[in-house]
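# Breakdown of the fold
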Amino acid sequence: MESSPINRLPPDSLHQIFSSLPLRQIMICRSVCKFFNELLTSQCFTEIISTRPPLNLLALRPPHHHSHRHGSQNIRPYIHVYDPEQNQWYRFNLDFLPFRLPQPVASSNGLIYLWCDSVDSNESSKSLVACNPLTREFKVLPQLGSAWSRHGTVLVDSMNRVMVLTELAALYYSGMVIANQWLKFSSNLPSKPRSPVLMSSSVFALCDVGSPWRSQWKLFSCKLLNLTITHTNWICLEKHEWGDIFDIIKRPRLLRGNGDFKLLMIGGLKSTFSLNPACSTILILRLDLESLEWEEAGRMPLDMYRGFQESSKFKVFGGGDRVYFSAKRMGKLAMWDCWEGWRWIDGVPGYADGLCRGFVFDAKLTMMP
């Protein structure tokens, strides 16, 4: 490349040429040579393409044994991602992070959030780190105790506001320079929040308000404004028209839907109303947060559901236009696309038992906020 005529072009001209490429091609060009990598990761070029639409990818959370192996050997940390448009798996290195045991847990607005152990700290302290694997930049959020990483769920919205939510308490971080610290509040929820979602300036969570013998799920919400001013004010969202919507779903989970005002609820469709009924398939329901009306968004085909029916445990993750499903000993993922329907995803890397978890990663070449 040193003798190539392209080296004679000024950087501004090269930036204009490469800025006409789609983001996928830009990422491929970065791996061609050191010169291209430096050119296409420069701050000037990043600012030029900062408004480019992101790549909607799926990022897998590493299995527990994988994280422990990182701590005992000099293995470079990485994260597996799946591109549904190209039906390809990729691996993003995280070796630019100067931490032990990075554990990716959430993503928003081009950033991945990870629990990390500092190289010089003891096991009792954890830090939540935001990073962009594409630009290899990172930012350390104020330090937290390890109990939060063990018991809390990390939620992030499109404005990079972060919440760590447990049954008893909530931590909130706005990212503002003026209040560069975690704010702590009491959760005041009737039970442990299940699959909480932070979107549309509110937190949504399912809570079991039933008895030890029979679950009864309710949907709760809390506005961020109420959280920071009135120290949490959770309300139960319900309408008479909903009827038995929560009674027909077994082990429901919430995911963010498409846009700011759609919430998905996914679970097994009960075949009867008995105490421990079998399920006939997996159902995806969609709630319009403005009209508070439910509709059926998708139903897993029976031939696909047979693989999940034989498994005692399965996971649901994703959000937006796509929902992903994994199960023990499956060896592949099922994907629901709101536009294209259902299909299988083969070649899932790094999971011996097939039970993987993940989150949506909207990859962008943007600088850290």
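Along each chain, numbering runs from 1 in the same order as the chain's sequence is written. It should be noted that, the model being predicted, local features are given only for residues of pLDDT at least 70 and side-chain atom pairs only at 80 or more, the latter also being counted only at that level, while totals for whole chains, interfaces and linings use all residues. The side-chain quantities take in all heavy atoms of the structure and omit both hydrogens and water.

## Digging into the side chain of threonine 281
Rules: Helix numbers and strand numbers start at the N terminus; a helix is a DSSP run of H or I with at least 4 residues, a strand a run of E with at least 2. Two N or O atoms count as a polar contact when they lie within 3.5 Å, although within protein this holds only if one can serve as hydrogen donor and the other as acceptor, and sequence-adjacent residues are included solely when both atoms are side-chain atoms. Whether two residues are in contact is decided by their heavy atoms, any of which lying within 4.5 Å being enough.
Inspection of the secondary structure puts threonine 281 in strand β19 (residues 279-288). At 2.6 Å, the side chain of threonine 281 and the backbone oxygen of methionine 300 are in polar contact. The residues touching threonine 281, leaving out its near neighbours within four places in the chain, are Gly267, Gly268, Leu269, Arg299, Met300, Leu302 and Tyr305.

## Some words on the nonpolar core
Selection rule: The set of buried Ala, Val, Leu, Ile, Met, Phe, Trp, Tyr and Cys residues whose side-chain atoms join them within 4.5 Å is what this entry labels a nonpolar core. Relative accessibility thresholds used throughout: buried, under 20% of the residue-type maximum; exposed, over 50%; partly exposed, between the two (1.4 Å probe, protein chains only). Domain start and stop positions are those given by an automatic or database domain assignment.
One finds Phe18, Leu97 and Phe361 to be the most contacted residues of the largest nonpolar core, which totals 31 residues. Where this core is concerned, the elements lending two or more residues are α1 (11-18), α2 (23-30), α3 (34-40), β1 (55-61), β2 (78-83), β5 (111-118), β6 (125-132) and β25 (357-363). Counting the residues that make up this core, at least three belong to each of domain 1 (1-52) and domain 2 (53-363). Beyond its immediate sequence surroundings of up to four residues, leucine 97 is in contact with Pro102, Leu114, Val129, Cys131 and Phe138.

## As for the sheet that holds strand β20 (residues 293-299)
For clarity, the threshold we go by: When DSSP finds at least two bridges between two strands, those strands are taken to pair. Interaxial angles span 0 to 180 degrees and are taken between N-to-C directions of axes, which are lines fitted to C-alpha atoms, for helices over the stretch in contact.
What the four strands build is an open sheet, ordered β17-β18-β19-β20; its pairing is antiparallel. For this open sheet the edge positions go to β17 (249-256) and β20, each flanked by a neighbour on one side alone. Neighbour to neighbour, the strand axes of the sheet diverge by 25° on average, direction disregarded. Examined bridge by bridge, β19 and β20 share six bridges and lie antiparallel to one another. Bridging across to β20, leucine 283 finds its partner in arginine 299.

## Looking at the packing of aromatic side chains
The condition is simple: Only centres within 6.5 Å qualify two rings of Phe, Tyr or Trp (six-membered ring in Trp) as a pair; their planes then separate them into stacked at under 30 degrees, edge-to-face at over 60, and tilted for everything else.
Within the structure shown, the criterion is met by 14 aromatic pairs. Consider the rings of phenylalanine 246 and tryptophan 294, whose centres lie 6.2 Å apart with planes at 85°: the pair is edge-to-face. Of this pair, phenylalanine 246 sits in the loop between β16 (235-237) and β17 while tryptophan 294 sits in strand β20, and the two are 48 residues apart along the sequence. With a relative accessible area of 11%, phenylalanine 246 lands in the buried category.

## A closer look at unusual backbone geometry
Apart from glycine, the bulk of residues carry a negative phi angle, and the bulk of peptide bonds sit in the trans form. The phi angle at arginine 136 is positive, at roughly 60°, despite the residue not being glycine. Along the polypeptide, arginine 136 turns up in the loop between β6 and β7 (137-140). A positive phi is found at arginine 251, a non-glycine position, where the angle reads about 50°.

## Observations concerning helix α8 (residues 302-309)
The condition is simple: Here the arc refers to the set of directions running from the helix axis out to each C-beta atom.
All buried positions along α8 are accounted for by Met304, Tyr305 and Phe308. The arc that holds every buried residue of α8, seen down its axis, measures 95°, which confines them to one face. Exposed and facing more than 90 degrees away from the buried side of α8 are Leu302 and Asp303. Those residues of α8 that are buried are in contact with β19, β21 (314-319), β22 (322-327), β23 (333-337) and β24 (341-345).

## Let's talk about the sheet that holds β1
Here four strands make up an open sheet; going across it, the order is β3-β2-β1-β25 and the pairing antiparallel. A strand with exactly one partner marks an edge of an open sheet, and here the two such strands are β3 (88-93) and β25. Adjacent strand axes in the sheet meet at a mean angle of 35° when their direction is disregarded. Bridging between β1 and β25 involves seven bridges; their strand directions are antiparallel. The residue of β25 that forms the bridge with leucine 60 is glycine 358.

## Some remarks on the pairing of strand β18 (residues 262-270)
Along β18, seven of the nine residues are buried, which leaves the element largely enclosed by surrounding structure. Sheet topology note: the β17/β18 ladder contains six bridges and is antiparallel. Bridged to leucine 254 within β18 is methionine 265. Hairpin geometry of β17 and β18 is characterised by an intervening segment of five residues between the two adjacent antiparallel strands and by a positive phi of about 90° at glycine 259. Looking at chain direction, β18 and β19 are connected through nine bridges and run antiparallel. When the bridges of β19 are listed, methionine 265 appears paired with leucine 285.

## Some thoughts on the pairing of β1
By the criterion of burial, β1 is predominantly enclosed, with five of the seven residues buried. Two strands pair when backbone bridges link them, and β1 and β2 are joined in this way by two bridges, in the antiparallel orientation. Bridge assignment links alanine 59 to a residue of β2, and that residue is valine 81.

## Thoughts on a positive patch on the surface
Note the cut-off: Each patch is built from residues that are more than 30% exposed by relative accessible area and take part in no salt bridge. Like charges join if they lie within 9 Å; nonpolar side chains (Val, Leu, Ile, Met, Phe, Trp, Tyr) join within 5 Å. Calculation of accessible area relied on Shrake-Rupley with a 1.4 Å probe; when residues are assessed, cover is drawn exclusively from the protein chains displayed. Whenever a carboxyl oxygen of Asp or Glu lies within 4 Å of a side-chain nitrogen of Lys or Arg, that contact is scored as a salt bridge. Note on charges: Lys and Arg go in the positive column, Asp and Glu in the negative column, and His and the chain ends are not counted at all. By convention, the point assigned to a charge is CZ for Arg, NZ for Lys, CD for Glu and CG for Asp.
Together, Arg251, Lys313, Lys328 and Arg329 make up a positively charged patch on the protein surface. The partly exposed category is assigned to lysine 328, whose relative accessible area is 30%.

## Let's talk about the confidence of the model for the protein
Under the convention used in this document: On a range of 0 to 100, pLDDT expresses the predictor's confidence in each residue.
Considering every residue of the protein, the mean pLDDT works out to 85; 90% of them sit at 70 or more. Mean pLDDT values over the elements of the protein span from 50, in helix α5 (residues 64-72), up to 96, in β23. In this model residues 67-72 is a low-confidence stretch, pLDDT under 50, and it forms 10 contacts with partners more than four residues away in sequence or in other chains.

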